[in-house]
Amino acid sequence: MPDSIRERLAEVRARIARAAGRARRDPASVRLVAVSKTFPADAVREAAEAGQLDFGENKVQEGLSKIDALADLPLRWHLIGHLQSNKAKKAAARFAAIQSVDSAELLRKIDEAARTAGRTVDVLVQVDLAGEATKFGAREEELAAIFEAGKTALHAPITGLMTIPPAVDDPEHARPYFTQLRTVRDRLLARGISAERLRDLSMGMSHDFEIAVEEGATIVRVGSAIFGARNYPR
Ligand SMILES: *Cc1c(COP(=O)(O)O)cnc(C)c1O
């Protein structure tokens, strides 16, 4: 692994481009979200100096403190972790995107808070494909109600779907989940949900982002391959 954030970013971008090439996709159709959770604001600044503008955080409070510390930079912050409804207001006021919406109720709360704050926040609907009871995310049968609520959520426009596959040792074993998210997207399109609401597929992390790109990811969320190993997993 190269030892600067700049070099590791360049390598991740090159790997995204090669994976896109294999799938005959335009590399510019894949947005890299650098997941900075547990890393300090200085590490984010270093990545920003290397041209990285999209960052992901999984906790509202940690994200807000970095948003404040780096307010001089034109960054786009994505909330990628579970959002408790009592923190929806804070998150909707500051993050550019919330990728972890899994109920119509949460969507309405975010919409209301964003409207009050006089802004919009992009929303991705998190889908639980493995049906693991302990995991967050909506089941496929719950999606219709969320997209229905999305019709009136003018300050929280849904832009697509996100998933976190179960942890697997071999990244190839994540591929079926990525294929499945694409299939879920296609079924929603066939049921009349507009393409604008289903533009994004957020899938793929350090371990498996190239496979996700081959399967159609438009957003990959990459942390440790850019910032290095985290001291503790979460
Ligand atoms: C931590 C995290 C990532 C990034 O994980 P890495 O393995 O460090 O790339 C991506 N998505 C979510 C939801 C995360 O919590």
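Coordinates for the structure precede this section.
Residues numbered from 1 in each chain as written. Predicted model: local features only at pLDDT ≥ 70, side-chain atom pairs only at ≥ 80, totals over all residues. Heavy atoms only, no water.

Draft legend 1. Layout of the overall build of the protein. Helix and strand counts for the protein stand at 9 helices and 8 strands. Whereas a compact globule of 234 residues would reach a radius of gyration of roughly 17 Å, the protein reaches 17 Å, a difference of no more than 12%. Along the first, second and third principal axes, the C-alpha set of the protein runs to 45 × 40 × 35 Å. Put simply, the protein has 234 residues, and 51% of those count as buried. In the protein, the proportion of contacts linking residues at least 24 apart, taken out of those at least 6 apart, comes to 61%. (Helix = DSSP H or I, 4+ residues; strand = E, 2+ residues; numbered from the N terminus. Rg over C-alpha atoms; globule rule 2.2 N^0.38 Å. Buried < 20%, exposed > 50% of the residue type's maximum accessible area, 1.4 Å probe, protein only. Contact = heavy atoms within 4.5 Å.)

Draft legend 2. Main features of helix H3 (residues 60-69). Along H3, the positions that sit buried rather than exposed are Val60, Glu62, Gly63, Leu64, Lys66 and Ile67. If you follow the buried residues of H3, they end up packed against helix H2 (41-49), strand E2 (54-57), strand E3 (76-79) and helix H4 (88-94).

Draft legend 3. Inspection of the pattern of salt bridges at higher detail. A full pass over the atoms with the stated rule returns 19 salt bridges. For Arg22, the salt bridge is made with Glu214, and the minimal N-O distance between the two is 2.8 Å. Of this pair, Arg22 sits in helix H1 (residues 5-22) while Glu214 sits in helix H8 (residues 209-214); the two residues are 192 residues apart in sequence, bridging distant segments of the chain. In this structure, Glu215 and Arg182 form a salt bridge, with 2.7 Å as the shortest nitrogen-oxygen distance. Residue Glu215 is found in the loop between H8 and strand E8 (219-222), and its partner Arg182 is found in helix H7 (residues 175-190); the two are separated by 33 residues along the sequence. Under the relative-accessibility criterion, Arg182 is labelled partly exposed at 25%. (Salt bridge = Lys/Arg side-chain N within 4 Å of Asp/Glu carboxyl O.)

Draft legend 4. Broad picture of the site of the ligand. Around the ligand, the neighbouring residues are Val35, Lys37, Ile80, Ile164, Met205, Ser206, Arg221, Val222, Gly223, Ser224 and Arg230. Arg221 has a polar side-chain atom sitting 2.9 Å from a nitrogen atom of the ligand. A distance of 2.7 Å separates an oxygen atom of the ligand from a polar atom in the side chain of Arg230. Protein chains shield 90% of the accessible area of the ligand, which is 390 Å² for the free molecule. Considering only residue class, the shell around the ligand consists of 5 nonpolar, 3 polar and 3 charged. (Near = heavy atom within 4 Å. Polar contact = N/O pair within 3.5 Å; in protein donor to acceptor, adjacent residues only side chain to side chain. Areas by Shrake-Rupley, 256 points an atom, 1.4 Å probe, with all protein chains shown as cover. Nonpolar A, V, L, I, M, F, W, Y, C, P; charged D, E, K, R; others polar.)

Draft legend 5. View of helix H6 (residues 143-150). Leu143, Ile146, Phe147, Ala149 and Gly150 are the residues of H6 that are buried. An end-on view of H6 places all buried positions within 155° of arc, on one side of the element. The inward-facing, buried residues of H6 contact helix H5 (104-116), strand E5 (122-126), strand E6 (158-162) and H7. (Arc of directions from axis to C-beta.)

Draft legend 6. A look at the packing of H5 against H6. Their axes nearest at 8 Å, the elements H5 and H6 cross at an angle of 20°. For the element pair H5 / H6, the angle class is roughly parallel. Crossing of H5 against H6: the hand is right-handed. When H5 is examined against H6, the residues Ala104, Leu107 and Arg108 are found in contact with a partner set consisting of Ala145, Ile146, Ala149 and Gly150. Its residues assigned to classes, the contact of H5 with H6 comprises 5 nonpolar, 1 polar and 1 charged. (Axes fitted to C-alpha atoms, helices over the stretch in contact; angles between N-to-C directions. Parallel < 35°, antiparallel > 145°, perpendicular 65-115°, else oblique. Left-handed = near helix turned anticlockwise from the far one by under 90°.)

Draft legend 7. Main features of the pairing of E6. Across the 5 residues that make up E6, a large majority, 5, are buried. The sheet contact formed by E5 and E6 spans 4 bridges and is parallel. Within E6, the position partnered with Gln126 by the bridge is Met162. Between E6 and its parallel partner strand E7 (residues 200-202), the chain crosses via H7, and the hand of that crossover is right-handed. (Pairing = 2+ DSSP bridges. Right-handed = clockwise from strand over helix to strand, strands pointing away.)

Draft legend 8. Inspection of the pairing of E3 at higher detail. Where E2 and E3 come together, 4 bridges link them in parallel fashion. Looking across to E3, one finds that Glu57 is bridged to Leu79. In this fold, the crossover linking E2 to E3 by way of H3 has right-handed handedness. Here E3 pairs with strand E4 (residues 97-101) via 2 bridges, running parallel. Within E4, the position partnered with His78 by the bridge is Ala97.

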